[in-house]
Amino acid sequence: MISRILCIGAGYVGGPTMAVIAKHCPTVQVVVADINKERVAAWQSGHPPIFEPGLQEVVRASLGRNLRFTGDVEHEIGEAEMIFVSVNTPTKTFGQGAGRAADLQHWEKTARSILHHAKRPVIVVEKSTLPVRTAEAMERIFKNRRQGQRFEVLSNPEFLAEGTAITDLETPDRVLIGGAETPGGQAAIGELVDIYARWVPRERILTANVWSAELSKLAANAFLAQRVSSINAISAICEQTGADILSVARAIGTDRRIGAQFLKAGVGFGGSCFQKDILNLVYLCEHHGLPEVARYWEAVVSLNQYQKERFVRRMIRVMFNTLAGKRIALLGFAFKANTGDTRESPAIQICQELLAEQAHVCITDPQALEGARNIFGSSSERVTFEPDPYKAAEGAHAVALLTDWAEYRTLDYRRIYDAMERPAFLFDGRNLLDSEELHAIGFNVYAIGRPDRTDL
Ligand code: NAD
Ligand code: UGA
């Protein structure tokens, strides 16, 4: 029975995942180590460095009991029996495979560090999303082991979504564990199954070989992103033909074979993983001589790009073909509601394009304003940041809703309208608002995949 777990990487995945493991396994010492000292200090003080509903309570429940955050990665490796690797694996920005392949430098540093500092047999668990056959590469690094060292490598990809991380970890649809088909591999799988089985029903813990587990993670994200691009592609047809994407999505989604989830048309998917993982899949396909398969998945990403461009193009067209000097309020900057994460947020590209049109942009967001400032703070005098959505809309020619925060549903839109320039434009990039009501107030309303509501 494992009694000491280390997780390397205290980010969006490492922090929440380990907090939930610590909660359900009070007899297991759980340590999370990271090279980012600020992040470590925030976690250890009980004020997580990321916004995630329910996270603070779960962290505080175990902090000081069996959960600890530290910057001393090397020392902790020497103590651990099971090491989760949850470091970032962004898209490579240089050299071969730039813009597609995963950048594995953090992952490889971690593998080497484990090799140098492990003092006892260790089960190494890939938590980060990695290209297929990465575990094999890790095993090759571990072949250089010293006497007494023993490593088993498992793949245990994480399926949590930001904004719902705690519920996803508490009641996952499934936990997937891949391991070698050897006695050692099967024993390691058994140890990890025993951890999850403390709170996850056994029938939801799936086991597989390592490569199937690695590929399943990339495939799951590709399928989810594909649904978003599919509904967004249909939204473009709706805008041309007068069909309403909400009716179409309902009609499609009531077919049980298709299902209702992930059929919300919008400004495109964002987040740190969908695009990165699909590009990774594309690179894998190319590497294995499957160009047709690569092009198929690549289209999901290019459609996503097109959706963001299309949104801005529509703004320019209906606002009399010029945005120069106009003030535009962006409601929301996070890539989705209930997170402060701005990584790959559609708002970034939309904001860039609006600035290229010489518009003045005022950004508001309940959790992601700091993130927005980090990206645009020094780029142009034409960007401002405003926590209060009413102030953001003051004197604006247009409001563009980019993140589906529930609180944007209940704003006083009459007050917003009264403070705006005429004609007042509202672009609902998430189909969050009641277009008819807004039109009755006086707005010219343009929602994704829906007929225009305008008097112009
Ligand atoms: P993140 O950037 O939030 O966290 C990664 C952490 O690893 C950082 O704090 C960084 O300082 C640390 N780190 C990097 N190199 C290190 C090293 N050598 N030693 C110690 N710490 C190191 O990333 P994330 O969003 O948590 O994602 C981590 C992995 O999980 C990625 O592979 C991602 O694809 C995958 N994933 C993410 C999500 C999500 O919702 N964010 C969901 C499922 C899977
Ligand atoms: C996604 C997956 O849902 C997780 O299972 C996975 O673990 C994670 O990626 C990962 O590997 O990082 P996440 O990116 O946090 O989670 O959030 P999602 O809820 O999947 O949303 C992704 C993007 O798609 C958001 O920008 C969201 O607004 C958009 N989206 C989602 C839509 O535009 N329409 C929808 O119907 C659903």
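Residues numbered from 1 in each chain as written. Chains lettered and ligands numbered in written order. Predicted model: local features only at pLDDT ≥ 70, side-chain atom pairs only at ≥ 80, totals over all residues. Heavy atoms only, no water.

## So, the overall build of the chain
And then number 1: Across its full length, the chain carries 17 helices and 14 strands.
And then number 2: Radius of gyration (C-alpha) of the chain: 24 Å, near the 23 Å computed for a compact globule of 456 residues.
And then number 3: When the backbone C-alpha atoms are referred to their principal axes, the chain occupies close to 80 × 50 × 45 Å.
And then number 4: Looking at the chain alone, contacts between residues at least 24 apart form 73% of all its contacts between residues at least 6 apart.
And then number 5: When the accessible surface of the chain is split by element, carbon and sulfur atoms take 51% of a total near 20,000 Å². (Helix = DSSP H or I, 4+ residues; strand = E, 2+ residues; numbered from the N terminus. Rg over C-alpha atoms; globule rule 2.2 N^0.38 Å. Contact = heavy atoms within 4.5 Å. Areas by Shrake-Rupley, 256 points an atom, 1.4 Å probe, with all protein chains shown as cover.)

## Details of the side chain of Ser345
And then number 1: Relative to the helices and strands, Ser345 resides in the loop between strand 9 (327-331) and helix 13 (346-356).
And then number 2: In contact with Ser345, other than residues within four places in its own chain, are Gly271, Phe333, Ala334 and Phe335.

## Some thoughts on the site of ligand 2
And then number 1: Lining the immediate surroundings of ligand 2 are 19 residues, of which Phe159, Leu160, Lys217, Cys273 and Arg430 lie closest.
And then number 2: A distance of 3.3 Å separates an oxygen atom of ligand 2 from a polar atom in the backbone of Leu263.
And then number 3: Considering ligand 2 on its own, with 700 Å² of exposed area, one finds that the protein chains cover 89% of that surface. (Near = heavy atom within 4 Å. Polar contact = N/O pair within 3.5 Å; in protein donor to acceptor, adjacent residues only side chain to side chain.)

## A look at the nonpolar core
And then number 1: Grouped together as the largest cluster of nonpolar side chains are 64 residues, with contacts concentrated most on Leu354, Ile363, Tyr413, Phe427 and Phe443.
And then number 2: For this core, the element with the highest residue contribution is helix 13, accounting for six residues.
And then number 3: Those residues within four positions of Ile363 in sequence are excluded, and the remaining contacts are Leu330, Phe333, Cys351, Leu369, Ala372, Phe376, Val383, Thr384, Phe385 and Glu386.
And then number 4: In terms of nonpolar packing, the next biggest core, distinct from the first, is built from 43 residues, Met18, Ala19, Ala22 and Ala165 among them. (Core = buried A, V, L, I, M, F, W, Y, C linked by side-chain atoms within 4.5 Å. Buried < 20%, exposed > 50% of the residue type's maximum accessible area, 1.4 Å probe, protein only.)

## Things to note about the pairing of strand 12 (residues 398-401)
Looking along a regular strand, one sees the side chains alternate between the two faces of the sheet.
And then number 1: In strand 12, alternate side chains face the same way, and those of Ala398 and Ala400 on one face and Val399 and Leu401 on the other are all buried.
And then number 2: Looking at chain direction, strand 9 and strand 12 are connected through four bridges and run parallel. Each bridged residue has a counterpart across the sheet, and for Leu331 the counterpart in strand 12 is Leu401.
And then number 3: Relative to strand 13 (residues 425-428), strand 12 is paired through four bridges, and the arrangement is parallel. Considered in strand 13, the bridge of Leu401 is made with Asp428.
And then number 4: Handedness of the β-α-β unit built from strand 12, helix 16 (residues 413-418) and strand 13 comes out right-handed. (Pairing = 2+ DSSP bridges. Right-handed = clockwise from strand over helix to strand, strands pointing away.)

## Considering the pattern of salt bridges
And then number 1: Going through the model one piece at a time under the given rule, you end up with 21 salt bridges.
And then number 2: In this structure, Asp255 engages Arg257 in a salt bridge whose closest nitrogen and oxygen atoms are separated by 2.9 Å.
And then number 3: For Asp255, a relative accessible area of 23% gives the class partly exposed.
And then number 4: Accessibility expressed as a relative area gives 76% for Arg257, which makes it exposed.
And then number 5: Where Arg453 meets Glu436, a salt bridge forms, and the shortest distance between an N and an O atom there is 2.4 Å. (Salt bridge = Lys/Arg side-chain N within 4 Å of Asp/Glu carboxyl O.)

## A closer look at the layout of surface pockets
And then number 1: Space inside the second largest pocket adds up to approximately 410 Å³.
And then number 2: Looking at the second largest pocket, it is lined by 19 residues, and the ones nearest its centre are Leu104, Pro131, Val132, Thr134 and Tyr283.
And then number 3: Contributions of two or more residues to the lining of the second largest pocket are made by helix 6 (134-142) and helix 11 (274-287). (1 Å grid on protein atoms, 1.4 Å probe; cavity = no way out; pocket = protein on both sides within 12 Å on 5 of 7 lines; lining within 4 Å. Points joined across faces, edges and corners; volume = space filled by probe spheres on them.)

## So, empty space enclosed by the protein
And then number 1: Taken as a whole, this structure holds one cavity of 30 Å³ or more when the rule is applied.
And then number 2: Roughly 50 Å³ of internal volume is contained in the largest cavity.
And then number 3: Around the largest cavity, the lining residues are Glu126, Ser128, Thr129, Leu130, Ser155, Pro157, Ala213, Glu214 and Lys217.
And then number 4: When residues of the lining of the largest cavity are assigned to their parent elements, the largest contribution, three residues, is made by helix 9 (residues 210-241).
And then number 5: Among the residues forming the lining of the largest cavity, the class breakdown is three nonpolar, three polar and three charged. (Nonpolar A, V, L, I, M, F, W, Y, C, P; charged D, E, K, R; others polar.)

## So, the sheet that holds strand 11 (residues 383-385)
For sheets, the rule is that strands pair by backbone hydrogen bonds, running either parallel or antiparallel.
And then number 1: The sheet built from six strands is open, its strands ordered 11-10-9-12-13-14 with parallel pairing. Because the sheet does not close on itself, it has two edges, and the strands there are strand 11 and strand 14 (444-447). For this sheet, the mean angle separating the axes of adjacent strands, direction not counted, is 20°. (Axes fitted to C-alpha atoms, helices over the stretch in contact; angles between N-to-C directions.)

## A closer look at the site of ligand 1
And then number 1: In the region of ligand 1, 25 residues are neighbours, and Asp34, Arg39, Thr89, Glu162 and Lys276 sit closest.
And then number 2: Contact between ligand 1 and Asp34: an oxygen atom at 2.6 Å from a side-chain N or O atom of the residue.
And then number 3: Out of a free accessible area of 840 Å², ligand 1 has 91% covered by protein chains.
And then number 4: For the shell around ligand 1, the per-class residue count stands at seven nonpolar, 11 polar and seven charged.

## Things to note about the packing of helix 12 (residues 291-318) against helix 13
And then number 1: Packing of helix 12 against helix 13 leaves a shortest axis separation of 10 Å and a crossing angle of 40°. Relative to helix 13, the element helix 12 is oriented oblique. Pair helix 12 / helix 13 crosses with right-handed handedness. In contact with Gln305, Lys308, Glu309, Phe311, Val312 and Met315 of helix 12, helix 13 contributes Pro346, Gln349, Ile350, Glu353 and Leu354.
And then number 2: Its residues assigned to classes, the contact of helix 12 with helix 13 comprises six nonpolar, two polar and three charged. (Parallel < 35°, antiparallel > 145°, perpendicular 65-115°, else oblique. Left-handed = near helix turned anticlockwise from the far one by under 90°.)

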